[in-house]
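# Tertiary structure, described
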Amino acid sequence: MADDDVRGFPAGQSGLIVRVPEAEPLVREWRDRLDPSARAGVPAHVTVLFPFLDASCIDEGVCAAIGEVVGRHQPFEARFDRCGRFPGVLYLAPEPDAGFRRLTQALVERWPEYPPFGGQFDDVVPHLTVAQGQDEAAVENAEADLLTRLPVVVQVSSVDLLVHDGTRWRQRASFPLGSLWSR
């Protein structure tokens, strides 16, 4: 989830993500080797809001509010056809990224006390992390391989709540997009 070592996360830490199962066949091997979050149970994903509430504060009311915020957004399609880099990070970039940005913005409007990545970045760029904290040769090998196998097209239809149990990340709930459109 966060672009740093997952061993430092306390039990109860949470985050909201969009799973990208369509990318798993492409990125799983690389993520298992080069992304500590994969080894801690985080699937291929685009982070929507991290960090989020402590698990002890997430009750039925919070889940209903997440569902309401997410449910106002229609499902959308995104295409991952290029790699990008942040310092120490290799990622796949979704295009368009506006749907991810709108989800993040809506959740931050509801919970302004939880800015994305703790407010570290002025512009939060939606991305699917493949490698972090690795040597340049490993990152270049991963990028070269990924570029030969892209694109990946995804249908975004839900946002998942993950909670860290002190060792691994586990899904606690899933919230469908568009659920308020059908009412």
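First things first, this report covers the structure right here in the doc. Quantities reported herein were computed from a predicted structural model and do not represent experimental measurements.

## Thoughts on the pairing of strand 1 (residues 14-19)
Each regular strand shows side chains that alternate between the opposite faces of the sheet. The element strand 1 is extensively covered by neighbouring structure, given that 5 of its 6 residues are classed as buried. Direction of pairing for strand 1 relative to strand 7 (residues 158-164): antiparallel, over a ladder of 4 bridges. Counterpart to Ser 14 in the pairing with strand 7 is Val 163. Here strand 1 runs beside strand 2 (residues 45-49); their pairing, made up of 4 bridges, is antiparallel. Across the sheet, residue Val 18 finds its bridge partner in strand 2, namely Val 46.

## Notes on the sheet that holds strand 1
The strand order across the open sheet built from 4 strands is 2-1-7-8, with neighbouring strands paired in antiparallel fashion. What marks the edges here is a single partner per strand, and that holds for strand 2 and strand 8 (169-176). Ignoring strand direction, the axes of neighbouring strands in this sheet form an average angle of 35°. Bridge count for strand 7 against strand 8 is 7 bridges, and the pairing is antiparallel. Residue pairing in the sheet places Val 159 in a bridge with Phe 175 of strand 8. The strands touched by helix 4 (residues 98-110) within the sheet are strand 1, strand 2 and strand 7, with strand 2 carrying the most contacts at an inclination of about 30°.

## So, the pattern of salt bridges
Applying the stated rule across the entire model yields 13 salt bridges. Of the charged contacts in the structure, one is a salt bridge between Arg 101 and Asp 97, with a shortest N-O distance of 3.1 Å. On the basis of relative accessible area, Arg 101 is assigned to the partly exposed category, the value being 30%. Members of the salt-bridge network, linked through shared partners, are Arg 85, Glu 136 and Glu 143.

Definitions and cut-offs
- Residues numbered from 1 in each chain as written.
- Predicted model: local features only at pLDDT ≥ 70, side-chain atom pairs only at ≥ 80, totals over all residues.
- Heavy atoms only, no water.
- Buried < 20%, exposed > 50% of the residue type's maximum accessible area, 1.4 Å probe, protein only.
- Helix = DSSP H or I, 4+ residues; strand = E, 2+ residues; numbered from the N terminus.
- Pairing = 2+ DSSP bridges.
- Axes fitted to C-alpha atoms, helices over the stretch in contact; angles between N-to-C directions.
- Contact = heavy atoms within 4.5 Å.
- Salt bridge = Lys/Arg side-chain N within 4 Å of Asp/Glu carboxyl O.

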